[in-house]
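Below, each chain spelled out in residue letters.
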Amino acid sequence: MVRPGADADVAVAAGIDALVSDQPWQPDSLSRYFNHESHCHALVLEQSGDVWGFLIYVLVLDEASVDNVAVLPEAQGMGYGRLLLDTALQQMQALGAVRCMLEVRESNVAARGLYEKRGFQLDGRRRDYYKTAEGREDALLMSRRW
Ligand SMILES: CC(C)(COP(=O)(O)OP(=O)(O)OC[C@H]1O[C@@H](n2cnc3c(N)ncnc32)[C@H](O)[C@@H]1OP(=O)(O)O)[C@@H](O)C(=O)NCCC(=O)NCCS
């Protein structure tokens, strides 16, 4: 099930991100989303009482941005990322969003596939935005409208 994130989920969410991200979010940075401070929102994917994934987003007036989504490595490829994104998109729309934006590493085939299937289109790129083991790579800027 997907439920709103809470302060008690911050440590486990940071742990998941550390497993799946090259530049993981620190608990301090995640905290404002899980405490739903100033336009910040967090959703948590819970199975059998354990947190398997999360999604964080910001909604200001009618524009939203997905700031991160992560699923435990052993639970990837089973539809959970899509469930988190669909739940977030439904919530954003219910709260009045007309546009949702995000940034993704150019090399992140799984995330790009997830977003494209939900109607996100390429708006542009930030050249050399992300660090990689070999150097740097572009961020792709994507968005979708309702
Ligand atoms: C990106 C991520 C959240 C996707 O979650 P997931 O639960 O693995 O994805 P799902 O099983 O819901 O798949 C949804 C769609 O994503 C795409 N996708 C998922 N894994 C993929 C892969 N390995 N290769 C290509 N496309 C993939 C497909 O389009 C898929 O739809 P389909 O099953 O109909 O083909 C997950 O892989 C993850 O946590 N990655 C590491 C963190 C990350 O990169 N976050 C995004 C930051 S922008």
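Residues numbered from 1 in each chain as written. Predicted model: local features only at pLDDT ≥ 70, side-chain atom pairs only at ≥ 80, totals over all residues. Heavy atoms only, no water.

Peer 1: I would appreciate a short explanation of the site of the ligand in the present structure.
Peer 2: If you check the shell around the ligand, you find 22 residues, and the closest are Val 69, Gly 79, Gly 81, Asn 108 and Lys 117. Between the ligand and Gly 77, the relevant distance is 2.8 Å, taken from an oxygen atom to a main-chain nitrogen or oxygen of the residue. A distance of 3.4 Å is found between an oxygen atom of the ligand and a backbone nitrogen or oxygen belonging to Gly 113. Look at the ligand: alone it shows 920 Å² of surface, and the protein chains cover 72% of it. Contributing elements (two or more residues each) for the shell around the ligand: strand E4 (63-71), helix H3 (80-94), strand E5 (99-105) and helix H4 (109-117). Tallying contributions element by element places H4 first for the shell around the ligand, with seven residues. Looking at the shell around the ligand residue by residue, the class counts come to twelve nonpolar, seven polar and three charged. (Near = heavy atom within 4 Å. Polar contact = N/O pair within 3.5 Å; in protein donor to acceptor, adjacent residues only side chain to side chain. Areas by Shrake-Rupley, 256 points an atom, 1.4 Å probe, with all protein chains shown as cover. Helix = DSSP H or I, 4+ residues; strand = E, 2+ residues; numbered from the N terminus. Nonpolar A, V, L, I, M, F, W, Y, C, P; charged D, E, K, R; others polar.)

Peer 1: Sorry if this is basic, but what is going on with the UniProt feature "domain: N-acetyltransferase" (unreviewed entry) in the protein here?
Peer 2: Feature annotation in UniProt places "domain: N-acetyltransferase" (unreviewed entry) on residues 1-146, given in this structure's numbering. Strand forms 40% of residues 1-146 and helix 29%; the C-alpha atoms that close the span are 25 Å apart. (UniProt positions renumbered as here; feature names shortened; annotations may be inferred.)

Peer 1: Any chance you could explain the packing of aromatic side chains here in plain terms?
Peer 2: Aromatic ring pairs are defined here through the distance separating the ring centres and the angle between the ring planes. Inspection of every chain in the model, using the stated rule, returns five aromatic pairs. With centroids separated by 5.1 Å and ring planes inclined at 80°, the aromatic side chains of Tyr 129 and Tyr 130 adopt a geometry described as edge-to-face. The class of Tyr 129 is partly exposed, set by a relative accessible area of 41%. Relative accessible area serves as the criterion here: at 15%, Tyr 130 is assigned to the buried category. When the ring centre of Tyr 129 is taken as reference, the NZ or CZ atom of Arg 126 above it lies at 5.6 Å. The ring of Trp 146 has Arg 144 sitting right over it, with the charged end atom 4.7 Å from the ring centre. (Phe/Tyr/Trp six-rings, centres within 6.5 Å; stacked < 30°, edge-to-face > 60°. Buried < 20%, exposed > 50% of the residue type's maximum accessible area, 1.4 Å probe, protein only. Lys NZ or Arg CZ within 6 Å of the ring centre and 35° of its normal.)

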